[in-house]
Amino acid sequence: MEFSTIVKPFDELTPAQLYAILRLRNEVFVVEQNCVFQDADNKDYHCNHLMLFNEGELMAYARIVPAGVAYEEMSIGRVITSPKVRGTGAGRILMTKAIELCYETLGPGPIRIGAQSYAKAFYASLGFVETGEPYDEDGILHIEMLK
């Protein structure tokens, strides 16, 4: 599957791009995972937004978070793939690009993520190592990981 990649800071997102991001985040985090939480957490303003499109539809997304916004270290957050592309390698493409973007736009240094526990093997395959103890975030077990 081929993806076109778009990366933009918040203030350069078009209304259609922002809508697509919020729609996908709601589809997966709120509806599919049955997680009621405040998605609009004011961190988006400070982030670069990585979008992978296929035939005009947003299929995968992550936000690149500068150090000091979510964690002391730079971070990757709101990592999400559409159910339509799960199992195709879209998640690995997304995270590989997100890691590259962290280093290109934010410089060298560690990257911290708050991973849903079920996905820790996936993140470990990308070089992330578990730190700390598992914790509940909005009803879903998470673990912090560092690369």
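Everything here concerns the structure above.
Presented here is a report on the structure given in the accompanying data block. Every value quoted in this text rests on a predicted model; they were computed, and no experiment measured them. (Residues numbered from 1 in each chain as written. Predicted model: local features only at pLDDT ≥ 70, side-chain atom pairs only at ≥ 80, totals over all residues. Heavy atoms only, no water.)

Side chains of a nonpolar character, in soluble globular proteins, are inclined to be buried together. Membership of the largest hydrophobic core comes to 26 residues, with the highest contact counts inside it found for Ile76, Tyr123 and Phe128. Those elements giving two or more residues to this core turn out to be strand 2 (48-54), strand 3 (57-65), strand 4 (74-81), helix 2 (90-106), strand 5 (111-116) and strand 7 (140-146). Discounting residues that sit within four places of it in the chain, Ile76 has contacts with Ala62, Arg63, Ile64, Met95, Ala98, Ile99, Cys102, Ile111, Arg112 and Ile113. Counting ten residues, the second largest nonpolar core, distinct from the first, contains Leu24, Val28, Met51 and Phe53. (Core = buried A, V, L, I, M, F, W, Y, C linked by side-chain atoms within 4.5 Å. Buried < 20%, exposed > 50% of the residue type's maximum accessible area, 1.4 Å probe, protein only. Helix = DSSP H or I, 4+ residues; strand = E, 2+ residues; numbered from the N terminus. Contact = heavy atoms within 4.5 Å.)

To continue, consider the environment of Ile6. With respect to the secondary-structure elements, Ile6 resides in strand 1 (residues 4-9). For the pair Ile6 and Gly56, spaced 50 residues apart in the sequence, the C-alpha separation amounts to 11 Å. Once residues within four sequence positions are removed from consideration, Ile6 is found in contact with Gln17, His49, Leu50, Met51 and Phe53.

All right, on to the side chain of Arg63 then. Looking at where Arg63 falls in the secondary structure, it is placed in strand 3. One polar contact links Arg63 to Asp41, side chain to side chain, over a distance of 2.7 Å. A polar contact of 2.9 Å, which involves the side chain of Arg63, links it to the side chain of Asp44. Not counting residues within four places of it along the chain, the set of residues in contact with Arg63 comprises Arg25, Asp41, Lys43, Asp44, Cys47, Asn48, His49, Ser75, Ile76, Gly77 and Arg78. (Polar contact = N/O pair within 3.5 Å; in protein donor to acceptor, adjacent residues only side chain to side chain.)

Let us now look at the pattern of salt bridges. Applying the stated criterion across every chain, the model contains nine salt bridges. Across the pair Arg23 and Glu27 runs a salt bridge whose closest N-O atoms are separated by 3.8 Å. Linking Arg23 with Glu27, this pair stays in helix 1 (residues 15-32), spanning four residues, or about one helical turn. Here Arg112 and Glu73 are joined by a salt bridge, their closest N and O atoms 2.8 Å apart. With a gap of 39 residues between them, Arg112 in strand 5 and Glu73 in the loop between strand 3 and strand 4 connect regions that are remote in the sequence. Taking relative accessible area as the criterion, Glu73 reaches 16% and is therefore assigned buried. By sharing partners, the salt bridges in this structure join Arg25, Asp41, Asp44, Arg63 and Arg78 into a single network. (Salt bridge = Lys/Arg side-chain N within 4 Å of Asp/Glu carboxyl O.)

For helix 2, with 17 residues, the first-to-last C-alpha span of 23 Å sits near the 24 Å given by 1.5 Å per residue. Along helix 2, the residues that are buried comprise Ala90, Leu94, Met95, Ala98, Ile99, Leu101 and Cys102. On an axial view of helix 2, the arc spanned by its buried residues comes to 165 degrees, and they lie on one face. Buried-residue contacts for helix 2 involve strand 1, strand 2, strand 3, strand 4, strand 5 and helix 3 (120-124). (Expected span 1.5 Å × (residues − 1). Arc of directions from axis to C-beta.)

What follows is about the pairing of strand 5. Burial within strand 5 is extensive, with five of its six residues counted as buried. Summarising the sheet, strand 4 and strand 5 pair through two bridges and their orientation is parallel. Paired with Met74 across the two strands is Ile111, which belongs to strand 5. Here five bridges tie strand 5 to strand 7, and the two strands are oriented antiparallel to one another. Considered in strand 7, the bridge of Gly114 is made with Glu144. (Pairing = 2+ DSSP bridges.)

To continue, consider the sheet that holds strand 1. Read across the open sheet, the seven strands follow the order 1-2-3-4-5-7-6; overall the sheet is mixed. Here the strands that pair on one side only, and so sit at the sheet edges, are strand 1 and strand 6 (129-137). When the angles between neighbouring strand axes are averaged without regard to direction, this sheet yields 20 degrees. Along the sheet, helix 2 contacts strand 1, strand 2, strand 3, strand 4 and strand 5; its crossing angle with strand 4, the most-contacted strand, is approximately 155 degrees. (Axes fitted to C-alpha atoms, helices over the stretch in contact; angles between N-to-C directions.)

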